[in-house]
Amino acid sequence: MTINGSGALGDGNGLHDEGDIVIVGGGIGGLSCALALHRAGIKAVVLEQSDTLRAWGAGITLWNNAFSVLDVLGLGDRFRSMYINLLAWETLNSRGEVLAKVEFADCEGGPHDLRAVDRKVILEVLAGELPEGTIRFSSGVIGIKKSESRTGITELELQDGSTYSAKVVLGFDGINSYVASWLGLPKPQPVGHIGIRGMAIFPEGHKLDYTVRLFVGKGCRAAYIPASPTNVSWFFVWNDSPEGTNGQQMSKAEAMQHASTSFPPTLLSSIIDNTPQEKFFKYAIRHRLNTNGPEPLVNGTVTVAGDAAHPCTPNMGQGGCMALEDGLILARKLHDALRPPPNTDQDMLKLPEHERIHRALVEFQYERHDRTNFISTRSYRIGRMIHTGWTVLDYFRDRFMIPLIVNKNKLLAHTLFDVGKLPGQSS
Ligand SMILES: Cc1cc2nc3c(=O)[nH]c(=O)nc-3n(C[C@H](O)[C@H](O)[C@H](O)COP(=O)(O)OP(=O)(O)OC[C@H]3O[C@@H](n4cnc5c(N)ncnc54)[C@H](O)[C@@H]3O)c2cc1C
């Protein structure tokens, strides 16, 4: 048992029916949705398969759009006080020559937020705001059964053999989503890139300026991003076959060796060296584009959001930010379906509740489709462009493509997204 969760319900074969809204997955998206619902006065239960908050992957960069969600949830300033605001972005080649640089102060729509945040801290802060018992750990969903009764009630089977009945099921269960496969969505496919990441700690201070530095090499890229005066988030991604890679570990010595052969003696090796972990988890980067439109993402009162809905390559650092956006927007839609505001259309009010919920979920998917598909597609293309692995193409990448993307008009444009407010908040 950890922050505001309870242990496994564990009465084996029992029926839990208190959950009107059940969120499958207690990651960034699921917790932000639960909190947005809570702020709007609606109770939800989060079923998380792990026995504690699952904070894999060290740091995550949160951009303007994530901060606008955190602001609506009343948490933005808490993160602003903990993490430094980055002031600029530099993309460099493997010799350390700057290919393009953007000072965020020169970009429209400021002041801007871009901060590397500890994943564990995000989860703990979100979970800490939820009422006691909202998160049910060790509660992996392994079966979904739609009710025959036309009430919209869905039965969920948990890993301990117990069942849950819910009016609404929101699958925020990540890239390997069970809910997405139940909906019949194709599995995310590997893009041919393998990565490792970590958070380095310099107890005496790292003394780096507040700039994101992304290095692009031959079929590889790496970045370091100061998170606080002592901590530096970093990642290293290279072209490789996903076969047998996912889940494997890489020792620190191997990682440093690999980084120093791809990039000349930059700070990167010393940053990896200052990372407390002795081994890094290698992950195969995967994605899926929802080419069949938004409809297949809903069945009755069951839907998916976050990575479960739009698994995306990390090339724009937007997967978690989009999961936060999803959580807030979905909570708003559900609020209006469950507690229709006074200006609701009379025909809508005559519908049974489960039909209103279904429509709200479909509306949510339509609203999100263009944005999430745009970011996922762009992110995939950026990855292809960076990771060509061909010297001639790399020449064009460095001379023309990078300056086209890393400029003051483009770099932050997609992060200036208005997520709106929650019911009852003034605009
Ligand atoms: C290398 C890398 C770097 C990234 N960098 C960034 C970045 O800088 N910025 C950014 O915004 N995004 C980044 N992302 C993307 C970001 O990590 C994800 O988009 C984000 O975590 C998605 O949140 P989520 O809540 O949808 O899913 P997750 O965070 O994956 O959470 C899913 C949760 O569901 C649980 N679960 C799974 N199956 C079940 C089940 N059957 N029953 C119950 N629980 C279940 C899991 O245990 C997990 O807790 C990066 C991703 C990678 C791989």
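Residues numbered from 1 in each chain as written. Predicted model: local features only at pLDDT ≥ 70, side-chain atom pairs only at ≥ 80, totals over all residues. Heavy atoms only, no water.

The protein is annotated in an unreviewed UniProt entry as FAD-binding domain-containing protein of Ceratodon purpureus. You can read under Sequence similarities (unreviewed entry) in the UniProt record for the protein the words "Belongs to the 3-hydroxybenzoate 6-hydroxylase family." (UniProt positions renumbered as here; feature names shortened; annotations may be inferred.)

*Asks:* Where do I start with the environment of Ile23 in this structure?
*Replies:* Locating Ile23 in the fold gives a position in strand 3 (residues 21–24). Residue Ile23 is classed as buried on the basis of its relative accessible area of 0%. Once residues lying within four places of it in the same chain are set aside, the contact partners of Ile23 are Gly30, Cys33, Ala34, Leu37, Ala44, Val45, Val46, Leu47, Leu170 and Phe172. (Helix = DSSP H or I, 4+ residues; strand = E, 2+ residues; numbered from the N terminus. Buried < 20%, exposed > 50% of the residue type's maximum accessible area, 1.4 Å probe, protein only. Contact = heavy atoms within 4.5 Å.)

*Asks:* What should I look at first to understand the packing of helix 2 (residues 64–72) against helix 8 (residues 319–338) in this one?
*Replies:* Two numbers describe a pair of packed helices, the interaxial angle and the distance between the axes. It is the contact of helix 2 with helix 8, at a shortest axis distance of 8 Å, that shows an interaxial angle of 35°. Crossing hand, helix 2 versus helix 8: left-handed. Where helix 2 abuts helix 8, its residues Asn65, Ala66, Val69 and Val72 lie against Cys321, Leu324, Glu325 and Leu328. Partitioned by chemical class, the residues of the contact of helix 2 with helix 8 number six nonpolar, one polar and one charged. (Axes fitted to C-alpha atoms, helices over the stretch in contact; angles between N-to-C directions. Left-handed = near helix turned anticlockwise from the far one by under 90°. Nonpolar A, V, L, I, M, F, W, Y, C, P; charged D, E, K, R; others polar.)

*Asks:* Got a minute to help me understand helix 11 (residues 391–405) in this structure?
*Replies:* Residues three or four positions apart in an α-helix share a direction because the helix packs 3.6 residues into each turn. With 15 residues, helix 11 extends 20 Å from end C-alpha to end C-alpha; this agrees with the ideal 21 Å at 1.5 Å per step. In this structure, the buried residues of helix 11 make contact with strand 6 (88–93), strand 7 (98–103), strand 15 (211–216) and helix 10 (353–386). (Expected span 1.5 Å × (residues − 1).)

*Asks:* When you look at the site of the ligand in this model, what are you seeing that I'm missing?
*Replies:* Near the ligand you find 33 residues, and of these Glu48, Thr61, Arg119, Tyr283 and Asp307 are the closest. A distance of 2.8 Å separates an oxygen atom of the ligand from a polar backbone atom of Gly29. Arg197 is positioned such that a nitrogen or oxygen atom in its side chain is 3.4 Å from a nitrogen atom of the ligand. Those elements that provide at least two residues to the shell around the ligand are helix 1 (28–39), strand 5 (59–62) and helix 8. Broken down by element, the shell around the ligand gets its largest block of residues, four residues, from helix 8. Broken down by class, the residue content of the shell around the ligand amounts to twelve nonpolar, 15 polar and six charged. (Near = heavy atom within 4 Å. Polar contact = N/O pair within 3.5 Å; in protein donor to acceptor, adjacent residues only side chain to side chain.)

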